[in-house]
Amino acid sequence: SSSWRAKRALDVVASAGLIMLVSPILVGCALAVKFTSRGPIFFRQVRVGLGGRPFEILKFRTMKVNDDSATQWSVQGDDRVTSVGRFLRPSHLDELPQLFNVLRGDMSLVGPRPERPHFVEQFKEDINRYMSRHVSKPGMTGWAQVNGLRGNTDLRKRIEHDLWYLENWSISLDFKILARTFFNRDNAY
């Protein structure tokens, strides 16, 4: 529909503009990751997107290189987190490379957060309507996140918020979520 085309146009224009605007921060984060721990600058992980299709999400690497990330949650005080990661994670600067996912069309600025295939398989068995989240592109931020439901929070409540967003979606709701993401530090994602 024309509304979804408008959402995609917003994603392209905003992500391209933001990439240019934050490019010095992107470079600074990349250098910090590179010079403080061994391994790649970017962390790439398969997530489940629109229509249940897998895609590779980009983040700045905040952990020591490990093989657990596809099936293990990170927890408070996780000893895999690097010294730079201890700053990037709470500030959410590690998420900035997802702007390239948005520009590429894998993600949207706003939508349900994408999950790893291992957990999607679990959740679709345990949580009613879980797969309904995949009728839209996943987002960098979402209704659940700006309502404090991120990290180690009630998964069912997060899903309820995701489904409410999808059922009530509008461009104005996306703007509201983006405003709350950028201007409310408690809800920043």
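Please refer to the structure placed before this passage.
Residues numbered from 1 in each chain as written. Predicted model: local features only at pLDDT ≥ 70, side-chain atom pairs only at ≥ 80, totals over all residues. Heavy atoms only, no water.

A. How the structure looks around the environment of Gly52. Mapped onto the fold, Gly52 is located in the loop between strand S1 (42–48) and strand S2 (54–60). Judged by its relative accessible area of 33%, Gly52 falls in the partly exposed class. Along the primary structure Gly52 and Asn168 are separated by 116 residues, whereas in three dimensions their C-alpha atoms are 21 Å apart. (Helix = DSSP H or I, 4+ residues; strand = E, 2+ residues; numbered from the N terminus. Buried < 20%, exposed > 50% of the residue type's maximum accessible area, 1.4 Å probe, protein only.)

B. Fine view of empty space enclosed by the protein. In total, this model carries one cavity of 30 Å³ or more according to the counting rule given. If you add up the space inside the largest cavity, you get close to 30 Å³. As for the largest cavity, its lining consists of Val48, Pro112, Arg113, Pro114, Arg133, His134, Ser136, Lys137 and Pro138. The residue makeup of the lining of the largest cavity, split by class, is four nonpolar, two polar and three charged. (1 Å grid on protein atoms, 1.4 Å probe; cavity = no way out; pocket = protein on both sides within 12 Å on 5 of 7 lines; lining within 4 Å. Points joined across faces, edges and corners; volume = space filled by probe spheres on them. Nonpolar A, V, L, I, M, F, W, Y, C, P; charged D, E, K, R; others polar.)

C. Geometry of the nonpolar core. Counting residues in hydrophobic clusters, the biggest one holds 26 residues, and the most contacted among them are Phe60, Leu99, Leu109, Tyr165 and Ile177. Among the elements that make up this core, the one with the highest residue count is helix H2 (residues 23–36) (four residues). Formed by eight residues, the second largest nonpolar core is a distinct cluster that contains Phe119, Phe123, Tyr130 and Leu163. (Core = buried A, V, L, I, M, F, W, Y, C linked by side-chain atoms within 4.5 Å.)

D. A look at a nonpolar patch on the surface. Taken together, Val12, Phe100 and Leu103 make up a surface patch of nonpolar side chains, about 200 Å² in accessible area. Tracing the backbone shows Val12 in helix H1 (residues 2–21). Given the relative accessible area of 32%, Val12 is considered partly exposed. (Patch = residues over 30% accessible without salt bridge, like charges linked within 9 Å, V, L, I, M, F, W, Y side chains within 5 Å. Areas by Shrake-Rupley, 256 points an atom, 1.4 Å probe, with all protein chains shown as cover. Salt bridge = Lys/Arg side-chain N within 4 Å of Asp/Glu carboxyl O.)

E. Highlighting unusual backbone geometry. Not every positive phi belongs to a glycine, and His92 is a case in point at roughly 65 degrees. Along the chain, the position of His92 falls in the loop between helix H3 (85–91) and helix H4 (98–104). In this structure, Arg129 takes a positive phi of about 65 degrees despite not being glycine. Take Arg129: it is sitting in the loop between helix H5 (117–126) and strand S4 (139–141).

F. Main features of the packing of aromatic side chains. One pass over the structure, following the stated rule, counts five aromatic pairs. With 4.2 Å between their ring centres and 15 degrees between their planes, Trp4 and Trp169 make a pair best called stacked. One end of the pair, Trp4, is in helix H1; the other, Trp169, is in the loop between helix H7 (155–167) and helix H8 (171–183), with 165 residues separating them in the sequence. Judged by its relative accessible area of 36%, Trp4 falls in the partly exposed class. When the centroid spacing of 5.5 Å and the interplanar angle of 70 degrees are considered together, the rings of Phe123 and Tyr130 count as edge-to-face. The exposure class assigned to Phe123 is buried, which follows from its relative accessible area of 8%. (Phe/Tyr/Trp six-rings, centres within 6.5 Å; stacked < 30°, edge-to-face > 60°.)

G. Looking closely at the packing of H1 against H2. One can describe the packing of H1 onto H2 by two numbers: an axis separation of 4 Å at closest approach and a directional angle of 65 degrees. In contact with Ile19, Met20 and Leu21 of H1, H2 contributes Ser23, Pro24 and Leu26. When the residues that make up the contact of H1 with H2 are grouped by side-chain class, the tally is five nonpolar, one polar and no charged. (Axes fitted to C-alpha atoms, helices over the stretch in contact; angles between N-to-C directions. Contact = heavy atoms within 4.5 Å.)

H. Broad picture of the pattern of salt bridges. Overall, the coordinates contain nine salt bridges when judged by the stated rule. A salt bridge links Glu56 to Arg44; its shortest N-O distance comes to 3.6 Å. One end of the pair, Glu56, is in strand S2; the other, Arg44, is in strand S1, with 12 residues separating them in the sequence. Taking the relative accessible area as the measure of exposure, Glu56 reaches 37% and is therefore partly exposed. For the salt bridge of Arg113 with Glu95, the shortest nitrogen-to-oxygen distance reads 3.2 Å. Of this pair, Arg113 sits in the loop between strand S3 (108–110) and H5 while Glu95 sits in the loop between H3 and H4, and the two are 18 residues apart along the sequence. When salt bridges that share partners are traced, they join Lys59, Glu95 and Arg113 into one network.

Scope: geometric values only; no functional claims are made or implied.
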